[in-house]
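If you want the building blocks of each chain, they are given just below.
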Amino acid sequence: MPDSHLPPVEDLLSVAVNAVGGSERQGQITMVKAVQRAIDEEEHLAVQAGTGTGKSLAYLVPSIRHAMASDTTVVVSTATIALQRQLVDRDLPRLAEALSKELPHEPSFAILKGRRNYLCRYKATAGWPEEDEQDQLFDPREVSATGRMVQRIQEWAEETETGDRDELVPGVSEQAWRQFSVSAQECLGAARCPSGAECFAELARARAGESDVVVTNHALLAIDAMGDIPVLPEHDMVVVDEAHELVDRVTSVATGELSEGSVALAVRRVGRLIEQPIADQLMEAGEDLKALLAAAPDGRIDELPQVLGLTLALIRDTSARCVTALGPRGADKDDPDRAGQRKAAFTALDEVHDAAVRMLEAYGHASEADRAEVVWLEAGTDRRPPMLRVAPLNVGGMLRDKLFGERTVVLTSATLALGGTFDGMARQWGLGEKGWQGIDVGSPFDHPRAGILYVAKHLPQPGRDGLPQQYLDEIVELIEAAGGRTLGLFSSMRAAKAATEALRDRLTVPLLCQGDDSTMLLVKQFAEDESTCLFGTLSLWQGVDVPGPSLRLVIIDRVPFPRPDDPLTSARQRHVAAKGGNGFMTVAATHAALLLAQGTGRLLRAQHDKGVIAVLDPRLATARYSGFLLGSLPPFWRTTDPAIPRAALKRLTTED
Ligand code: SF4
């Protein structure tokens, strides 16, 4: 249907807003027009839209309109399950109903996840190569816990209509779920699979292909863009919500892993299918790797030690020999069990082989500026052995070619304009100077009136040895002034726990710490009991949405720079510096600015919210980069005078 036969996007927005009982907001109207313009001009758009803008309606309305006008599907990608749920369970059903009379048909939508998220009917019934139960589980309590989960999945498998893992509440461990799911590479393909006709993943894909809007996650979006085989329905427009997470999620998808466990799995899978001596060669290479990694220090590996190079080359060559011995891919068409076993073996061998090749190639350039990937060793834990990882230093080129090159992309989040400009994020996404626009549609909140940003300039700089006593004293005084009601965002779990331990006896209000229970339950308790405080780290910086009087004070212990020994960010920083850029500002300060903006964004969640953000780290007021960090935050009223936040919090306590 030609575009002109559909109502203008502003009218559709107005119908939608009325239907959901909201009021028109300027930022939302600006955003809806900008998204429509991006669609019309086929130009990428980055939109910073503060909390309360109603940004999901502002992109869904023009997306649905575009899907109908061009008889296509629009993909909406999120970083978190919480937002995915909000879109599919709340926003889209209400919107579809509201717009059904205005549009040629009721808008349809579907959710699509990676294949691993759906129950594989074939694996659940026919069984698969029995390799997985051999995965090392030494603790008998874990073995029986996994056994109980397996039984629960079996019972659920009988009745589920979607096969979606997220339906299982409470959730099940990866160990248990793996026995009922396959990766896209392991899947036999619907045409060859005996359960193909009723396959949950295939049904979800078919539903998605018929829908106007498909909601997915950044990982699947990346797999679709990077892979040779499309996993998402054909589409010419993508909306990336929570776009500040895109680079991290794409990097995760593009990260390769190699450990004694992954080699052993490949050996187990291939062992029954080829001559034993060939599989044994790979097994021996895996044992060499095990001995090497057990003795090596963890962290970034800047120069490839000769012996590790030889072992990686051995793994590369012996896994390639196993692949050759397996014979042509796609054989055994008429024997699904054997085809399944071979597919599983190819997948495990390919993973091992490709990781070894990438790790060797990562050192192909002597100059740091020319390197494309970084390799590091992640220390082992009680549950898993040490692991080598390889990740790209930059995903911008890949995003530019594969995502932005093919379709119109709208990226949105409450925090995209760092230091007041979109350039930093655009560089990470691989967008050049042309072909995109960035707009900040603001926020409906009156930040200077509703919030105080207090930087404790008089405190010492944070050190390496835990929280200074002055920090603890400051926290106590602020919490007492606020009558509890405090979210403490710490830069590490260790700091959050240390603060909780030191302060529990000094405070008269209840204090919860992340890790005491599931984060979801802790946040619920924090929201329901007004005087309660909650301390924690990373996931709380981004995931807490507690409007109202239960949250009046956000305390941030230090500017959240990445840890100096973080292998990926430190390698990225060095890489930028080697190319002549400012590695600190481009990587570390940008990372800190994004998290600070997310963390301070926890304070104002609803129209009448008020309160204080207290940053204990004086560098936010004194360091040379403080202007950039402050320029990334909403325009709170700022002070360094300790008396002001205390007085304001006391006033708020009486008002509430
Ligand atoms: S098509 Fe693939 S995912 Fe679906 S049931 Fe068969 S093997 Fe499992």
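Placed above this text is the structure.
Structural notes, computed from the coordinates.

How each quantity is defined
- Residues numbered from 1 in each chain as written.
- Predicted model: local features only at pLDDT ≥ 70, side-chain atom pairs only at ≥ 80, totals over all residues.
- Heavy atoms only, no water.
- Buried < 20%, exposed > 50% of the residue type's maximum accessible area, 1.4 Å probe, protein only.
- Helix = DSSP H or I, 4+ residues; strand = E, 2+ residues; numbered from the N terminus.
- Pairing = 2+ DSSP bridges.
- Core = buried A, V, L, I, M, F, W, Y, C linked by side-chain atoms within 4.5 Å.
- Contact = heavy atoms within 4.5 Å.
- Polar contact = N/O pair within 3.5 Å; in protein donor to acceptor, adjacent residues only side chain to side chain.

Moving on to the pairing of strand β10 (residues 408–413). The buried fraction of β10 is high, at six of six residues. Looking at chain direction, strand β1 (residues 44–48) and β10 are connected through four bridges and run parallel. Residue pairing for β10: Leu 45 is matched across the bridge by Val 410. The pairing of strand β5 (residues 235–240) with β10 spans four bridges and is classified as parallel. Bridging across to β10, Met 237 finds its partner in Thr 408.

One finds Ile 153, Leu 246 and Trp 429 to be the most contacted residues of the largest nonpolar core, which totals 82 residues. Counting residues per element, this core draws most heavily on helix α23 (residues 583–600), at six residues. Excluding anything up to four places from it in sequence, Leu 246 contacts His 218, Leu 221, Val 240, Leu 399, Leu 403, Leu 411 and Trp 429. If you look at the next biggest cluster of nonpolar residues, it comprises 40 residues, including Ile 29, Val 35, Ala 67 and Val 88.

Along the chain, Thr 73 falls in strand β2 (residues 73–78). Side-chain polar atoms of Thr 73 contact the backbone oxygen of Ser 211, separated by 2.9 Å. Each residue touching Thr 73, except ones within four places of it in the same chain, is listed here: Ala 208, Gly 209, Ser 211, Asp 212, Val 214, Pro 233, Glu 234, His 235, Asp 236 and Met 237.

For Thr 622, the position within the fold is in helix α24 (residues 619–622). The spacing of Thr 622 and Lys 457 is 165 residues in sequence and 7.5 Å in space, taken between C-alpha atoms.

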